[in-house]
Amino acid sequence: MPDLNLVQAINLALRRAMADDPTVLVLGEDVGINGGVFRATDGLWKLYGDSRVLDTPLAEAGITGVSIGLAAQGFRPVLEIQFSGFAYACIDQILNHASRLRKRTMGRLTCPMVLRSPTGGGIHAIEHHSESPEAMFAHIPGLKVVIPSSPQGAYGLLLAAIRDPDPIIFLEPTRLYRSAKDEVADDGASIPLGRCIVLRTGRDVTLVSWGGMVKDTLEAANRLATDHRIDAEVIDVATLKPLDSATVIDSVKRTGRLVVVHEAPLTCGFGAEIAARVAHQALTSLLAPIERVTGCDTMMPYPRLEHLYMPQAERIAEAVRRTVAYS
Amino acid sequence: MDSPYRVLGPDGRAIGALPTFAKDVDELTKLYRAMVLTRTFDTKAIALQRTGRLGTYASSLGQEAVSVGVAAAMQLSDVLLPSFREHGAQLWRGVTLEELLLYWGGDERGNAFTGPREDFPNCVPVGSHAPHAVGVALAFRLRNEARAAVCIFGDGATSKGDVAEALNLAGVWKAPVVFVVNNNRWAISIPVAKQTAAPTLAQKAFAAGIPGSQVDGNDVIAVRATLERALERARAGAGPSMIEALTYRLSDHTTADDASRYRSDEDVSKHWAEEPILRLRSYLFALRAWDKEREEALLLSCGQDVERAAAAYLDSELQPAAAMFEHTYAELPTDLVEQQTGAVSYLRGL
């Protein structure tokens, strides 16, 4: 099996999905001859041409709407939005139409589309290029929100997303695009949506994270094991919506402690939803207050300060030590 | 731009060459019936709303020729993406009176159309359906199908980015779509003069490289003929176009609106002289293809159809609470099933 980075794994999944299903289309700005600004669609246009790989005009809301029309007609459009800061222009189309087309027509029309977009900071990009909007999308009924944290995960989850009958926001952690490397099996196997992935089992504390923060969370867990003999369980949420709360709650019932890590701002971040569900269903198992290690309620800083904004392994480890020391 | 295309003058006299279909009296009476049915429905819908038995309703009074003319030009295999005021087009295409009443009465079953299964439901966020029409049209092109999408929106929608983006996208892709601007001169209280500095709305197509033209929207013959040409062009692969149909909103914006706050009765009554049903009736009378007896019989039959549909709507049972959850996803996720079960058992306990 070849070692692939995350962007190559995305490319491989797109190739597989397009080969398997002639209704799968790729569209977006620069996705054709240029292969996407991150090269996620590299080579697809050469393989399939203009009829299945569509370079679009620069119109994020419009091409989201076009994808809805295509999906209602039985295609499975995979739309690339170059950066998640530009996906805000798509929210009206996503919220008012994509997410509710099935409901509004009682299943007469459906919207099996995937909106792919890079997410998060850590690549020293210009402003508006490092946003983490997952909670906004997760708030919308009728949508599914998926964020992989590894190349193999990206491959399997993207295949599942493309095959899913409902609209999906698929957020790809930008800083893992080239930094994460995995052996990726191109076996066409999807990873089921709506299930958390337990990456490390542990007895003392449950760490929950997703996307680009999973790596730092695992690093924190490893440091805690070595330096402090704290045995942390690490859960990658993978699908924020629908949330597999059972896996998180079962874990917290065993460990009694929960630390949620995300890059997005604290207030109304998706960590709040996880904390609320745990507080509701595992309150009596909790031995310490739930900790959230997150970005700040500020604008995502310009890149010179982004490393201070984004949770780092040490900040995560400190929160874990605090929760373990609580009595 | 040429002056708006028109076949019948406001007094119902032919002032231009008749298109082929209009030489067939049966075709004209079909259009006439459809407009009268639309208005009968409209009157009933307002009466139901005023008596607390229908939700807020957007009247199509005075605009029947746009709706019916557009739909009459379409093939059933084309796809309609309407705004929320095109009851006439929906009825022509096979949405039932009862479905319309269910929708406006606040019941999702009104959008489950048993007739035109691929047609989109009403678009409420103004103009946001324009890019969907490009997507539908692109699907036809990609599958090499000789079909077209028709997207109807109002004058206000032409100020929106969605419409500008859709026009541009349609132009680039030569998508088989026809955009219809139902220019009823008012976007709630905003007249067209406050909407745009452009002398016409049709010309907004030109910037996207697609043809735009105006038609007298109170002349159902002209509307149908214009749309037929635009649709043939689209289906033949020659690309999109935009038609601005000039009509007038004789009613309030919706039953929640009071138009007397922003326009005078004199303004409105001027436009009654140009309304589309009277115009075609005058023409048919002059041809001796219509008379008082036929008119009375038609009104009676439309009234009976509408009353039957209203009775069925008023008799329809509410959906159960569980229906709120159904169709949110193809398969309800576990946490939503829990919410559904919780809601159902809570409500049962009340």
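Residues numbered from 1 in each chain as written. Chains lettered and ligands numbered in written order. Predicted model: local features only at pLDDT ≥ 70, side-chain atom pairs only at ≥ 80, totals over all residues. Heavy atoms only, no water.

Re the overall build of chain B
When its secondary structure is counted, chain B shows 12 helices and 7 strands. For chain B, the C-alpha radius of gyration of 21 Å lies close to 20 Å, the compact-globule estimate for 350 residues. The principal-axis extent of the C-alpha atoms belonging to chain B is close to 70 × 50 × 40 Å. Residues counted as buried form 57% of the 350 residues belonging to chain B. (Helix = DSSP H or I, 4+ residues; strand = E, 2+ residues; numbered from the N terminus. Rg over C-alpha atoms; globule rule 2.2 N^0.38 Å. Buried < 20%, exposed > 50% of the residue type's maximum accessible area, 1.4 Å probe, protein only.)

Focus on the overall build of chain A
Counting secondary structure elements, chain A contains 13 helices and 14 strands. Taken over C-alpha atoms, the radius of gyration comes to 19 Å for chain A, in line with the 20 Å a tight globule of 327 residues would show. Structurally, chain A occupies a C-alpha span of about 60 × 40 × 40 Å along its principal axes. Looking at chain A residue by residue over its 327 residues, the buried ones come to 63%. In chain A, of all internal contacts separated by at least 6 residues, the share reaching a separation of at least 24 is 82%. Averaging the coordinates of the 33 positive side-chain charges in chain A and doing the same for the 37 negative ones gives two points 4 Å apart. (Contact = heavy atoms within 4.5 Å. Lys, Arg positive; Asp, Glu negative; His and termini not counted. Charge placed at Lys NZ, Arg CZ, Asp CG, Glu CD.)

Overview of the domain arrangement of chain B
According to the domain assignment, chain B contains domain 1 (20-319) and domain 2 (323-350). Its C-alpha centre places domain 1 of chain B at a distance of 36 Å from the equivalent point of domain 2 of chain B. (Domains from an automatic or database assignment.)

Some words on the packing of aromatic side chains
For the coordinates displayed, the defined rule picks out 10 aromatic pairs over all chains. Judged by centre distance (5.3 Å) and plane angle (80°), the rings of Y57 of chain B and W104 of chain B are edge-to-face. In this pair, Y57 of chain B sits in the loop between helix 1 (25-50) and helix 2 (64-73) while W104 of chain B sits in helix 4 (residues 97-104), placing the two residues 47 residues apart along the sequence. When sorted by exposure, Y57 of chain B lands in the same class as W104 of chain B, which is buried. Between F153 of chain B and F179 of chain B, the aromatic rings sit 6.2 Å apart at their centres with planes inclined by 40°, giving tilted as the arrangement. Residue F153 of chain B is located in strand 2 (residues 149-154), and its partner F179 of chain B is located in strand 3 (residues 177-183); the two are separated by 26 residues in the primary sequence. On the accessibility criterion, F179 of chain B (1% relative accessible area) is buried. An aromatic cluster is defined as three or more aromatic residues linked by ring pairs; in this entry it consists of F38, F83, F86 and Y177 of chain A. The aromatic ring of Y48 of chain A is capped on one face by R52 of chain A, whose charged end is 4.6 Å from the ring centroid. (Phe/Tyr/Trp six-rings, centres within 6.5 Å; stacked < 30°, edge-to-face > 60°. Lys NZ or Arg CZ within 6 Å of the ring centre and 35° of its normal.)

Re unusual backbone geometry
With an omega of 0°, the peptide bond between K241 of chain A and P242 of chain A qualifies as cis. Here P242 of chain A shows up in the loop between strand 12 (239-241) and helix 10 (245-255). With phi around 55°, N144 of chain B is a residue other than glycine that occupies positive phi space. Within the secondary structure, N144 of chain B is located in the loop between helix 5 (130-142) and strand 2.

Section: the interface of chain A and chain B
Tallying the contact residues gives 42 residues for chain A and 44 residues for chain B. Buried area between chain A and chain B, both sides added, is near 3,400 Å², and the carbon and sulfur share of it is 61%. When residues of chain A are sorted by the area they lose upon contact with chain B, Q73, M106 and R108 of chain A head the list and together hold 23% of the total. Connecting chain A to chain B are 2 salt bridges. Run the count over chain A and chain B and you get 20 residue pairs in polar contact (both at pLDDT 80 or more). The set of elements that each furnish at least two residues to the side of chain A that touches chain B consists of strand 3 (53-55), helix 3 (60-72), helix 4 (91-96) and helix 5 (101-104) of chain A. The element that contributes the greatest number of residues to the side of chain A that touches chain B is helix 3 of chain A, accounting for 10 residues. Here the residues of the side of chain A that touches chain B are counted per class, giving 19 nonpolar, 12 polar and 11 charged. (Buried area = accessible area lost by both parts, 1.4 Å probe. Salt bridge = Lys/Arg side-chain N within 4 Å of Asp/Glu carboxyl O. Polar contact = N/O pair within 3.5 Å; in protein donor to acceptor, adjacent residues only side chain to side chain. Nonpolar A, V, L, I, M, F, W, Y, C, P; charged D, E, K, R; others polar.)

Quick look at a nonpolar patch on the surface
All names here are of chain B. A contiguous nonpolar surface patch, about 480 Å² in accessible area, is contributed by M324, Y346, L347 and L350. Among the secondary structure elements, Y346 is positioned in helix 12 (residues 334-349). You can call Y346 exposed: its relative accessible area is 54%. (Patch = residues over 30% accessible without salt bridge, like charges linked within 9 Å, V, L, I, M, F, W, Y side chains within 5 Å. Areas by Shrake-Rupley, 256 points an atom, 1.4 Å probe, with all protein chains shown as cover.)

So, the pairing of strand 10 (residues 205-209) of chain A
Residue and element names in this part refer to chain A. Among the 5 residues in strand 10, 5 count as buried, and that is most of the element. Alternating positions in strand 10 separate into two faces, V205, L207 and S209 on one and T206 and V208 on the other, with burial throughout. Note: strand 10 against strand 11 (residues 232-236), 5 bridges, orientation parallel. Looking at the pairing, V205 lines up with A232 of strand 11. With respect to chirality, the unit in which strand 10 leads through helix 9 (residues 213-228) into the neighbouring parallel strand 11 is right-handed. (Pairing = 2+ DSSP bridges. Right-handed = clockwise from strand over helix to strand, strands pointing away.)

Considerations on the environment of V36 of chain B
Residues and elements named next belong to chain B. Its place among the elements puts V36 in helix 1. Spatially, the C-alpha atom of V36 lies 22 Å from that of V180, the residues being 144 residues apart in sequence. Discounting residues that sit within four places of it in the chain, V36 has contacts with I277, L298, L299 and C302.

Re the pairing of strand 13 (residues 258-265) of chain A
All names here are of chain A. Taking burial as the measure, the 8 residues of strand 13 include 7 buried ones, the bulk of the element. Direction of pairing for strand 10 relative to strand 13: parallel, over a ladder of 3 bridges. Looking at the pairing, T206 lines up with L258 of strand 13. Regarding topology, helix 11 (residues 270-282) serves as the crossover connection from strand 13 to the parallel strand 14 (residues 291-295), and that connection is right-handed.

So, the side chain of T196 of chain B
All names here are of chain B. By secondary structure assignment, the location of T196 is in the loop between helix 7 (192-195) and strand 6 (212-216). Only 2.9 Å separates the side chain of T196 from the backbone nitrogen of A198, close enough to count as a polar contact. When near neighbours in sequence (up to four residues on either side) are disregarded, T196 contacts L201 and K204.

Some remarks on the side chain of E86 of chain B
Residue and element names in this part refer to chain B. Topologically, E86 is positioned in the loop between strand 1 (79-81) and helix 3 (87-92). Within the buried core, E86 has no salt-bridge partner, and the shortest N-O distance to an opposite charge, that of R85, equals 6.5 Å. Apart from the residues lying within four places of it in its own chain, the contact partners of E86 are S67, I152 and N182.

Considering the environment of P167 of chain A
Residues and elements named next belong to chain A. Residue placement: P167 occurs in the loop between helix 7 (151-163) and strand 7 (168-173). Accessibility expressed as a relative area gives 4% for P167, which makes it buried. Taking the C-alpha atoms as reference points, P167 and V114, separated by 53 residues in sequence, lie 5.8 Å from one another. Those residues in contact with P167, other than ones at most four positions away along the chain, are A98, S99, C111, M113, G142, L143 and K144.

Examining the domain arrangement of chain A
Residues and elements named next belong to chain A. Its domain assignment divides chain A into domain 1 (3-183) and domain 2 (197-325). Placing a centre on the C-alpha atoms of domain 1 and another on those of domain 2 gives a separation of 26 Å. Taken together, the contacts link 27 residues of domain 1 with 24 residues of domain 2. In total, about 1,900 Å² of surface goes out of reach between domain 1 and domain 2, with carbon and sulfur atoms giving 55% of it. Of all residues in domain 1, the largest losses of buried area upon contact with domain 2 belong to I147, S149 and R175, amounting jointly to 25% of the total for that side.

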